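Single-letter residue listing:
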Amino acid sequence: MATEAQAAPLVRSGVALLARKLRVRDTISAEEEQVLRDSVTDVREVRAGKVLVRHGAPLHESTLLIEGIICRYKELASGERQIQELHVPGDFADLHGFLLKRLDHNIASVSRAVIALVPHDNLKRISEDHPHLARMLWFSTMLDASIQRETILSVGRRTALARIAHLICELCIRLQVIGLSEGGRFALPITQADLADASGLTSVHVNRMLKQLRDQEMLTFRNGIVDIHDWERLASAAEFDEAYLHLDFQPR
């Protein structure tokens, strides 16, 4: 748990990233951004691999990611898991829990992460007093659903190479929106095992696909850094169409 002095700049940073993501789609006023900052009651640093929300547990707050990577996933009794979405800074990982009150999946940190907690009572006040901001937060949950549908398509129908290529393309765009990707280069502090869980492949297969993408000079992934060398070829291999990320600006 961060002290108040430590938390304030972290809250500003995390909310600024959320606001930046939303401003790509619609106008977010300075007042609305301040409302979001005021809604945060706690900031925590968590280690990699920590379960933040367990499926079925009662929820009273939602999680805004400030730094690092966290994921939503389901798992079998054997412990095998399928990552449904990788969350980047500025994402609410469990905003839908505000209405559902419990999740049917887990949320965990993939890397070291910093998170902000927003009590559901504060989200309720936002929904009552700031209807436009509430619609934009609702939009965030709809965007998560769109990303998850694309993940289902990848795991169900794309080739192994296309799955990895598509995930890298998606993360590049999402990080670019919040200023954390430039020129096809961005930090991705996850392991090949995490990529395997996100793509429905084995770690060995992921390693082969990354080597193939590297040998074909499309991208390299080394020491937690992705470098995309040929966006056009990578996007073509993935059949990547960014329309599902709803990057169009319009009143909502």
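Residues numbered from 1 in each chain as written. Predicted model: local features only at pLDDT ≥ 70, side-chain atom pairs only at ≥ 80, totals over all residues. Heavy atoms only, no water.

### Some points on the environment of Ile107
The condition that has to hold: Going along the chain from the N terminus, every DSSP run of H or I of four or more residues is numbered as a helix, and every run of E of two or more is numbered as a strand. Here, two residues are considered to be in contact whenever any of their heavy atoms come within 4.5 Å of each other.
One can find Ile107 in strand E6 (residues 106-109). Separated by 34 residues in sequence, Ile107 and Thr141 have C-alpha atoms that sit 15 Å apart. Contact partners of Ile107, with chain neighbours within four places excluded, come to Lys50, Val51, Leu52, Val53, Ile70, Cys71, Arg72, Tyr73, Ala93 and Asp94.

### Topic: the side chain of Arg72
Short version of the rule: Any N or O atom pair separated by 3.5 Å or less is treated as a polar contact, with the protein-specific requirement of one donor-capable and one acceptor-capable atom, and with residues adjacent in sequence counted only for side-chain atom pairs.
Among the structural elements, Arg72 can be located in strand E4 (residues 70-75). Only 3.0 Å separates the side chain of Arg72 from the side chain of His87, close enough to count as a polar contact. The residues contacting Arg72, other than those within four sequence positions of it, are Gln82, Ile83, Gln84, Glu85, His87, Ala93, His96, His105, Asn106, Ile107, Asp144 and Gln148.

### Some details on the sheet that holds strand E10 (residues 219-222)
Under the convention used in this document: Being paired, for any two strands, means DSSP has found at least two bridges between them.
On the basis of which strands lie adjacent, the open sheet formed by four strands has the order E8-E9-E11-E10 and antiparallel pairing. The open sheet has two edge strands with one neighbour each: strand E8 (181-182) and E10. As paired strands, strand E9 (residues 185-187) and strand E11 (residues 225-228) are joined by three bridges and run antiparallel to one another. By the bridge assignment for E11, Ala187 is matched with Ile225.

### With respect to unusual backbone geometry
Leaving glycine out, the prevailing phi sign among residues is negative, and the prevailing peptide bond configuration is trans. Our working definition: Burial status follows relative accessibility: with a 1.4 Å probe on protein chains alone, a residue under 20% of its type maximum counts as buried, one over 50% as exposed, and anything between as partly exposed.
You will see that Glu217, though not glycine, has its phi angle at about 60°, which is positive. On the secondary structure map, Glu217 appears in the loop between helix H8 (203-215) and E10. Taking relative accessible area as the criterion, Glu217 reaches 57% and is therefore assigned exposed. Positive phi, close to 55°, is recorded for Glu239, a residue that is not glycine. Here Glu239 is to be found in the segment after helix H9 (231-238). For Glu239, a relative accessible area of 66% translates into the label exposed.

Purely spatial values, then, with no claim about function.
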